[in-house]
Amino acid sequence: MTDKAEKRDAEIRRAAEHRERAVQYEALADEAKQRGDMEMSAKFASSAAEERIEAHRIDESIGRS
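Residues numbered from 1 in each chain as written. Predicted model: local features only at pLDDT ≥ 70, side-chain atom pairs only at ≥ 80, totals over all residues. Heavy atoms only, no water.

Student: Got a sec to walk through the overall build of the protein chain? Specific residues and values, please.
Tutor: The number of helices and strands found in the protein chain is two helices and zero strands. Compactness check: the protein chain gives a C-alpha radius of gyration of 15 Å against a globular reference of 11 Å for 65 residues, more than 25% above the reference. Along the first, second and third principal axes, the C-alpha set of the protein chain runs to 50 × 15 × 15 Å. Counting only residues that meet the buried cut, the protein chain has 22% of its 65 residues in that class. Sequence separation of 24 or more characterises 66% of the internal contacts of the protein chain that already satisfy a separation of 6 or more. (Helix = DSSP H or I, 4+ residues; strand = E, 2+ residues; numbered from the N terminus. Rg over C-alpha atoms; globule rule 2.2 N^0.38 Å. Buried < 20%, exposed > 50% of the residue type's maximum accessible area, 1.4 Å probe, protein only. Contact = heavy atoms within 4.5 Å.)

Student: Just give me the short version of the pattern of salt bridges, but keep the residues and values in it.
Tutor: Taken as a whole and judged by the stated rule, the model has eight salt bridges. Here Glu-39 makes a salt bridge to Lys-43, at a shortest N to O gap of 3.5 Å. Of this pair, Glu-39 and Lys-43 both sit in helix α2 (residues 38–61), separated by four residues, roughly a single helical turn. We note a salt bridge from Glu-54 to Arg-57, for which the minimum N-O separation is 2.6 Å. Residue Glu-54 and its partner Arg-57 are located together in helix α2, separated by three residues, close to a single helical turn. Given the relative accessible area of 21%, Glu-54 is considered partly exposed. Look at Arg-57 and you get partly exposed, because its relative accessible area is 43%. Overlapping salt bridges bring together Glu-11, Arg-14, Glu-54 and Arg-57 as one network. (Salt bridge = Lys/Arg side-chain N within 4 Å of Asp/Glu carboxyl O.)

Student: Please give an account of the side chain of His-18 that cites residues and values.
Tutor: Its location among the elements puts His-18 in helix α1 (residues 3–35). Given the relative accessible area of 13%, His-18 is considered buried. Side-chain polar atoms of His-18 contact the side chain of Arg-21, separated by 3.2 Å. In contact with His-18, other than residues within four places in its own chain, are Glu-51, Glu-54, Ala-55 and Ile-58. (Polar contact = N/O pair within 3.5 Å; in protein donor to acceptor, adjacent residues only side chain to side chain.)

Here it is as structure tokens:
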């Protein structure tokens, strides 16, 4: 595999890791909401959004969307 292809694959993996963390944060936000802890729910939801934004940024930088 060429160096360029390896770098692209690494970036694809990084984006996937950000999406996985976003899903985890969303689950934590839902759990906190069910417990009535709206402050923690909002913090987890914000973290999920940040992870999704970073995944999207990476995808755009490698030409995926």
